[in-house]
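# Inside the fold
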Amino acid sequence: MMATCSVSGIEALLGEIGVGTPMPRFTQSDILRKPVDVYRNYLARTTSEVLSCNADLAYEAVQSANIKDNSDLTLVLPKLKLRSDKQKDLARELFAKFPSTPLFQLPIPDGVHLRFIFSTVTLPRLVLSYIGDRLDQYGRGSLLDSPLPSHTGGSAKKVVIEFSSPNLATEFNSNHLRSTILGAQIANLYENEGWNVVRMNYLGDWGKEVGLLGVGWKRFGSEEEFQRNPMSHLFDIYEKISEEFKPEKEASRKARDEGRDTAEIEKQGIFAERDIFSKRMEDGEPEETGFWKQIRDTSIAYYTESYERLKVKFDEFSGESQVSPESIAEVESVLKAKGVYEESDGSWIIDYSKHGPRSLGVSVLRGRTGSTSYLLRDIAAALERSRKYSFDKMIYVVTAEQDVHFQKVFQALRYMGHDDLAAQLEHVNFGKAQGLSQQLGKVHLLGDILERAIKNTHDSLESSEYKYAEIYRADESAKVIGITSLISQFCGLSKRHTGFTFNTKNFTSFEGETGPNLQLCYARLCAKIDESNFDESALADVDYAYLQEDPWTEVIRFLAQYPDVTEVAFRSHEPSIVLAFLFRLVEELENCLEDDTDDETGEDKEENANTEDPPEAILAQTLLYKHARQVLKNGMRILGINPIS
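The text that follows walks through the structure, step by step, so that each part is easy to find. Here the structure is a predicted model, which means the values were calculated and not measured.

Procedures and definitions
Residues numbered from 1 in each chain as written. Predicted model: local features only at pLDDT ≥ 70, side-chain atom pairs only at ≥ 80, totals over all residues. Heavy atoms only, no water. Pairing = 2+ DSSP bridges. Helix = DSSP H or I, 4+ residues; strand = E, 2+ residues; numbered from the N terminus. Axes fitted to C-alpha atoms, helices over the stretch in contact; angles between N-to-C directions. Phe/Tyr/Trp six-rings, centres within 6.5 Å; stacked < 30°, edge-to-face > 60°. Buried < 20%, exposed > 50% of the residue type's maximum accessible area, 1.4 Å probe, protein only. Parallel < 35°, antiparallel > 145°, perpendicular 65-115°, else oblique. Contact = heavy atoms within 4.5 Å. Nonpolar A, V, L, I, M, F, W, Y, C, P; charged D, E, K, R; others polar. Expected span 1.5 Å × (residues − 1). Bend = angle between axes of the 7 residues up to and from the residue. Salt bridge = Lys/Arg side-chain N within 4 Å of Asp/Glu carboxyl O. Polar contact = N/O pair within 3.5 Å; in protein donor to acceptor, adjacent residues only side chain to side chain.

### Notes on the sheet that holds strand β9 (residues 347-351)
Pairing within the open sheet is antiparallel, and its 3 strands lie in the order β8-β9-β10. Every interior strand has two partners, whereas the edge strands, β8 (342-344) and β10 (362-366), have only one. Between one strand and the next, the sheet's axes are offset by a mean angle of 50°, whatever the strand orientation. Relative to β10, β9 runs antiparallel, the two sharing 4 bridges. Paired with W348 across the two strands is R366, which belongs to β10.

### A word on the packing of aromatic side chains
The tally for this structure, following the rule as stated, stands at 32 aromatic pairs. Seen in terms of ring centroids, F104 and F118 are 6.1 Å apart; in terms of plane orientation they differ by 50°. Their pairing is tilted. Of this pair, F104 sits in the loop between α4 (87-97) and β3 (108-110) while F118 sits in the loop between β4 (113-116) and α5 (123-134), and the two are 14 residues apart along the sequence. Residues F104 and F118 agree in their burial class; the two are buried. An angle of 85° between the planes, with centres 5.5 Å apart, marks the rings of W206 and W292 as edge-to-face. Taken as a pair, W206 in the loop between β6 (196-203) and α7 (208-220) and W292 in helix α12 (residues 286-309) lie far apart in primary sequence, 86 residues in all. With respect to burial, W206 and W292 carry one shared label: buried. An aromatic cluster of three or more residues is present, and its members are F163, F172, Y302, Y303, Y307, F314 and F317.

### Focus: the packing of helix α11 (residues 269-282) against α12
Relative to each other, α11 and α12 sit at 90°, their axes nearing to 8 Å. With respect to α12, the axis of α11 lies roughly perpendicular. Between α11 and α12, the contacting residues are F277, R280 and M281 on the first element and E288, T289, F291 and W292 on the second. Looking at the contact of α11 with α12 residue by residue, the classes come out as 4 nonpolar, 1 polar and 2 charged.

### Observations regarding helix α9 (residues 230-257)
Here α9 spans 39 Å end to end across 28 residues, near enough to the 40 Å set by a 1.5 Å rise per residue. Where α9 bends most, at F245, the angle is about 40°, and the proline P247 comes one to four residues later. Where α9 is buried, its residues contact α7, α8 (223-228), α10 (263-266), α11 and α12. Remark: G259 follows α9 within two positions and exhibits a positive phi of approximately 80°.

### Re the sheet that holds strand β7 (residues 316-319)
Pairing is parallel in the open sheet, where 5 strands are placed in the order β7-β6-β5-β11-β12. Single-partner strands in this sheet number two, and they are β7 and β12 (425-428). The mean angle between the axes of side-by-side strands here comes to 25°, regardless of whether they run parallel or antiparallel. Where strand β5 (residues 158-162) lies against strand β11 (residues 393-397), 4 bridges are found, and the strand directions are parallel. Looking at β11, one finds that V159 is bridged to K393. Helix α16 (residues 403-415) contacts β11 and β12 of the sheet and is inclined by roughly 175° relative to β12.

### Re unusual backbone geometry
For the bond running from T21 to P22, omega is 5°, close enough to zero to count as cis. The omega torsion across G356 and P357 is -10°, close enough to zero to call that bond cis. Checked against the element boundaries, P357 lands in the loop between α14 (352-355) and β10. Positive phi, close to 50°, is recorded for S165, a residue that is not glycine. Among the secondary structure elements, S165 is positioned in the loop between β5 and α6 (174-192). Despite not being glycine, H573 has its phi angle at roughly 55°, a positive value. Here H573 is to be found in the loop between α23 (552-572) and α24 (576-593).

### Some details on the environment of L619
For L619, the position within the fold is in helix α26 (residues 615-639). Each C-alpha atom of the pair L619 and L539 lies 6.7 Å from the other, and the pair is 80 residues apart in sequence.

### Observations concerning the pattern of salt bridges
Here the structure, examined in full by the defined rule, presents 40 salt bridges. With a closest N to O distance of 2.3 Å, E16 and R125 form a salt bridge. Here R125 lies in helix α5 and E16 lies in helix α1 (residues 7-16), a separation of 109 residues in the sequence. Overall, the relative accessible area of 27% leaves R125 in the partly exposed class.

### What to know about the side chain of T553
Turning to its location among the elements, T553 is positioned in helix α23. What makes T553 buried here is its relative accessible area of 2%. A polar atom in the side chain of T553 sits 2.8 Å from the side chain of D550. Setting aside chain neighbours within four positions, we find T553 in contact with T120, L123, L547 and Q548.

### Concerning helix α21 (residues 515-532)
With 18 residues, α21 should cover 26 Å at 1.5 Å per step; its first-to-last C-alpha distance of 26 Å lies within 8% of that length. Counting buried residues along α21, 13 of its 18 residues qualify, which places the element largely inside the surrounding structure. With a side-chain oxygen lying 3.2 Å from the backbone nitrogen of N517, the N-terminal cap of α21 falls on T514. A positive backbone phi angle near 60° is found at N533, which sits one or two residues after α21.

### A short note on the pairing of strand β2 (residues 73-76)
Alternating residues of β2 divide into L73 and L75 and T74 and V76, and every residue in both groups is buried. Taken together, the 3 bridges between strand β1 (residues 62-64) and β2 define a ladder with antiparallel strand orientation. When the sheet's bridge partners are listed, Q63 is paired in β2 with T74. The pairing of β2 with β4 spans 4 bridges and is antiparallel. In the strand pairing of β4, T74 is matched with R115.

Next comes the structure, spelled out in structure tokens:
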């Protein structure tokens, strides 16, 4: 019937549960998306009427609360800006005057706050109707009666999100993995809000590191080995040539530290071979560009397959090599004209300390050999993407170790007069993940990490004394649970910038805040729904009175919060907020799913046979389980977690 998909439908439902209409409206609220906003609107209007204060101020004073503190909304009295020397007295005054309403229980004075709890009489029908009318759209940021996102004012905005971005043939490390997982989740959050998202993988496929790999290929490359296992062979080559290069790099570093010119050292040996190979690539020489194209194509094919196992897809595999010489020349020309690009010992530099901010120091954009730097290519790439995509925003999901690099990119664009473009760019950073190699062994490529994670999960499931019938199919379960564990750990429960230590013990821990427990809860909900064996038509005649007590109401209170949770996660670029919500929801659902009958004796079972829930109660519980499963699935979709079948 889709009763809650229009304002008139919501008002009709509110009338049926005894709430006065028309419903109060506030421009800040989004009642077609968030059931909690219905409560906010009524609470704000009532506050405004009782205290004779500005209605918009009253709305702003209504804040989300922590359910664990036994409240759903909190009225922050100082935000009302009322003249009162004693805000605590104001709380008691409002408590005494607050009228009875079908939406709320009596408020609870708490210092300068007044805490409100949703009425359990009307809560189930209102919230479950919202979820049932939307299903996989519940929590999304677009209006149901309009094809356009609610936040854009008429047209979908576009965001380009750059993430993962491994370097060709070098190690796919924990930073790349966390960028992949967080970047995909942030892209999903933007799509969930109605944005047009371009997912971009900006490969490290150019420059001196590729030149070094080219030198290594000439010394250690084997076409036969390359055909057999291309990525492993390229990685081995890079490791060998890097080892041979170490003495020269150390000599150059020592000379620089002693204040000596490094030019003589870098004109010979592997330094010279690397720079010559890099320069010949930039000049388009057939041999060098042919080698580059072969390893780039091979890497993209390999990573595409590996990303698919993580359910991650990209709209574009870009890279440093794709930045045009014309764009690079434009950057250099404008910077010269602005007086911030200068020659120094044969290199071309920006001295940020001269032009501000001083903390950014000096950076080389074009080296003595004529090769372009990563910084120069990133500045030019930003210009190209702006012209190609006409985006409203571009996000780089890259480790916090690159904070200064992106400050330099954005500042260089400001030097060039592209202040508007610089304002559209954002570096979304994250802390470091420790312990990946220690926990999974020697892993260098994305495919190796995934294989090792799945194998560890499989071995743990096989040896575990706990066999969960709902999910136990060793091979199939290991794949899903291993990937789920990897995603949930690299998403994390803390804020992005917080580092963490990877732990394989969580791979098969079916308790607490773990990926496997999330999957187990989903599977148990599926089993409960299947056991009930009710037709969809029967669910339309649910008696919500059977859901008006704990533990059912606690679950429904959490379900009501989901749209607010996704919006906060989107605005803060914190997917962990969604994961933490799902874990809390699982905790509440476990209280409903607990079944002590397995521990009862035969006499106990016979004694309790007459106290089983009536069919009407089981029907209501089944509806709750269906909608809880849907919300779990919606949240898991944002996180890139595939629910176990």
